[in-house]
Amino acid sequence: MQNEVKISTEEKEAVEKVMDGYRVGYAYLYPIEGIDRQEYVFDMTPENIANFIGSHPYDAQKIVLTDMLDRLILDTAGGFINNCPNQELCKQILPILAPIQMGETEPEEFPIVTREVYDRYCQMEEEAVMRAEISML
């Protein structure tokens, strides 16, 4: 294959850490400056969601979180949860998010990658499977 996808060892390890989760999904961050939206992939645990929202208090006008099928998990407006169809999930997020928003705690780091890195990783995996299948012919 002449156009083989390139991904660094660090990027590969980062994607694999993200994929260790059970609720991996997409985060779409719409910057206040109106520049292109930023896209990320991470495990949508209540802790990770709260830390992601809490780490963007002044640079995001809106954040939309979805599952891998692009179904809404929640969205924010002005740093606050606007729409969260799963109220049980919301009840789990708020006690973690509120202290971050009030400045009582700092957002914690967690495994997260850009959508671009994630997509390259998936393409690399698909190519590896295709090469294995071709070699068995």
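For the structure, check the block above.
These remarks concern the structure in this document.

Cut-off values and rules
- Per chain, the residues get numbers from 1 upward, laid out in the order the sequence is written.
- Per-residue local features are limited, in this predicted model, to residues with pLDDT of at least 70; the limit for side-chain atom pairs, both in listing and counting, is 80 or more; totals at the level of whole chains, interfaces and linings are taken over all residues.
- To get the side-chain values, take all heavy atoms of the structure and skip hydrogens and water.
- Two strands make a pair as long as DSSP finds a minimum of two bridges between them.
- Helix and strand definitions follow DSSP, with helices as H or I runs of at least four residues and strands as E runs of at least two, each counted in order from the N terminus.
- Where helices are involved, their axes are fitted lines through C-alpha atoms of the stretch in contact, as for all axes, and angles between N-to-C directions lie from 0 to 180°.
- Contacts are assigned to residue pairs with any non-hydrogen atoms lying within 4.5 Å of each other.
- Patches in this entry comprise residues that are over 30% relatively accessible and not in a salt bridge; like charges within 9 Å are linked, as are nonpolar side chains (Val, Leu, Ile, Met, Phe, Trp, Tyr) within 5 Å.
- Exposure was quantified through the Shrake-Rupley algorithm and a 1.4 Å probe, taking into account, for residues, occlusion by the shown protein chains and nothing else.
- Here a salt bridge means any side-chain nitrogen of Lys or Arg lying within 4 Å of a carboxyl oxygen belonging to Asp or Glu.
- Residue types Ala, Val, Leu, Ile, Met, Phe, Trp, Tyr and Cys, when buried and joined through side-chain atoms within 4.5 Å, form a set referred to as a nonpolar core.
- Partly exposed describes any residue whose relative accessible area lies between the buried limit of under 20% and the exposed limit of over 50%, with all areas from a 1.4 Å probe on protein chains only and scaled to the type maximum.

Focus on the sheet that holds strand E1 (residues 24-31)
Read across the sheet, 6 strands follow the order E5-E4-E3-E1-E2-E6 without closing on themselves; strand pairing throughout is antiparallel. Because the sheet does not close on itself, it has two edges, and the strands there are strand E5 (80-83) and strand E6 (112-114). Averaged over all adjacent pairs, the angle separating strand axes in this sheet is 25 degrees, with direction ignored. Looking at chain direction, strand E4 (residues 72-77) and E5 are connected through 3 bridges and run antiparallel. When the bridges of E5 are listed, Ala77 appears paired with Phe80. Packed on one face of the sheet, helix H1 (residues 9-19) meets E1, strand E2 (38-43) and E6 and runs near 125 degrees to E6.

A short note on a nonpolar patch on the surface
A contiguous nonpolar surface patch, about 360 Å² in accessible area, is contributed by Met130, Ile134 and Leu137. If you trace the backbone, Met130 turns up in helix H4 (residues 115-135).

Here we look at the pairing of E2
When a strand is regular, its side chains alternate between the sheet's two faces. Examined bridge by bridge, E1 and E2 share 6 bridges and lie antiparallel to one another. Considered in E2, the bridge of Leu29 is made with Gln38. Turn length for the E1-E2 hairpin, with the two strands adjacent in sequence and antiparallel, is 6 residues, and the turn residue Gly34 shows positive phi of about 80 degrees. With 3 bridges connecting them, E2 and E6 associate as antiparallel partners. When the sheet's bridge partners are listed, Phe42 is paired in E6 with Ile112.

Points about the nonpolar core
Residues Phe42, Ile49, Phe52 and Leu65 are the most contacted members of the largest nonpolar core, which totals 20 residues. Elements that contribute at least two residues to this core include exactly E1, E2, helix H2 (46-54), strand E3 (60-67), E4 and helix H3 (87-101). Core analysis: the next-biggest nonpolar cluster, separate from the first, contains 13 residues, Val15, Tyr26, Tyr28 and Val41 among them.

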